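# Remarks on the overall topology
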Amino acid sequence: MAFIEGKRDSDICEIGTLRNMENAKLTLHHGGNRLKIADGVGWASLNGNLTGGAEMTIDANCSLGHMQVHVVRNASLVLGSNCAFNGRINLFLHEPSRLTIGKGCLFGGDVLLTTSDMHSIIDADSGARINWALDIDIASNVWVGAHATILKGVKVGMGSVVGAYSVVTEDVPEYCVVAGNPARIVRRNVRWKRELIAR
């Protein structure tokens, strides 16, 4: 576990047999973190922080590209098995929340998923904050195109496709293609495959 820094006795780490860990660094802060990484997981590079009671679970055989991850206390990041990330992926949980990605998902480069706005927006009359963090739930077998952004509170249904450069602010049904800023449904009743089918 040479890639893990700052581990304390109160941190729980279950690490399988990993690959491509030369450029990986995961820092655990303040203790009480839970980290579980299954066999066959690897990164091109990893720069991550878990802070004081954060949880991160990565299931088997994920290829995680150039990953930047930030998970705070009482936040949970879960990645299903056989996911593949091409290029840079940013997974940010700056407040207590949950980000779940199902099995067999595929992500293009320079994708951002964030459960928080990272700063407060205040109602001018009441002084109350109005932009609390919300969970993100990506179902299994979802394809997210390069440079897409998926914002807090979004659920993406099984088998759907998020077009490149899309900004997803609302739920995506199963087996749909969404595209644009903000993303809108452009096709329903689709399936996708990683393999290119010849004409």
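Residues numbered from 1 in each chain as written. Predicted model: local features only at pLDDT ≥ 70, side-chain atom pairs only at ≥ 80, totals over all residues. Heavy atoms only, no water.

### Some remarks on the overall build of the chain
A count of helices and strands for the chain gives 0 helices and 21 strands. The globule rule puts the C-alpha radius of gyration for 199 residues at 16 Å, and the 17 Å found for the chain is close to it. Taken along its principal axes, the extent of the C-alpha atoms in the chain is 55 × 55 × 20 Å. In the chain, the proportion of contacts linking residues at least 24 apart, taken out of those at least 6 apart, comes to 18%. Surface summary for the chain: the accessible area is close to 10100 Å², and the carbon and sulfur share equals 49%. (Helix = DSSP H or I, 4+ residues; strand = E, 2+ residues; numbered from the N terminus. Rg over C-alpha atoms; globule rule 2.2 N^0.38 Å. Contact = heavy atoms within 4.5 Å. Areas by Shrake-Rupley, 256 points an atom, 1.4 Å probe, with all protein chains shown as cover.)

### Considerations on the sheet that holds strand E15 (residues 143-144)
Overall, mixed pairing links the 6 strands, which are arranged E9-E12-E15-E18-E20-E21 in an open sheet. The open sheet has two edge strands, strand E9 (84-85) and strand E21 (184-188), and neither has a second partner. (Pairing = 2+ DSSP bridges.)

### Digging into the environment of His30
Secondary-structure assignment places His30 in the loop between strand E3 (24-29) and strand E4 (34-37). On the basis of relative accessible area, His30 is assigned to the exposed category, the value being 55%. In sequence terms His30 and Gly52 are 22 residues apart; their C-alpha atoms lie 4.6 Å from each other. The contacts of His30, once residues within four sequence positions are left out, are Arg8, Thr51 and Gly52. (Buried < 20%, exposed > 50% of the residue type's maximum accessible area, 1.4 Å probe, protein only.)

### Side note on the sheet that holds strand E2 (residues 12-15)
Strand order in the open sheet formed by 7 strands is E2-E4-E6-E8-E11-E14-E17, with parallel pairing between adjacent strands. Where the open sheet ends on each side, the last strands, each with one partner, are E2 and strand E17 (155-156). Across 3 bridges, the pairing between strand E11 (residues 98-101) and strand E14 (residues 136-138) is parallel. Note that in E14 the partner of Thr100 across the bridge is Asp137.

Honestly, that's just the spatial picture; any functional story needs more than this.
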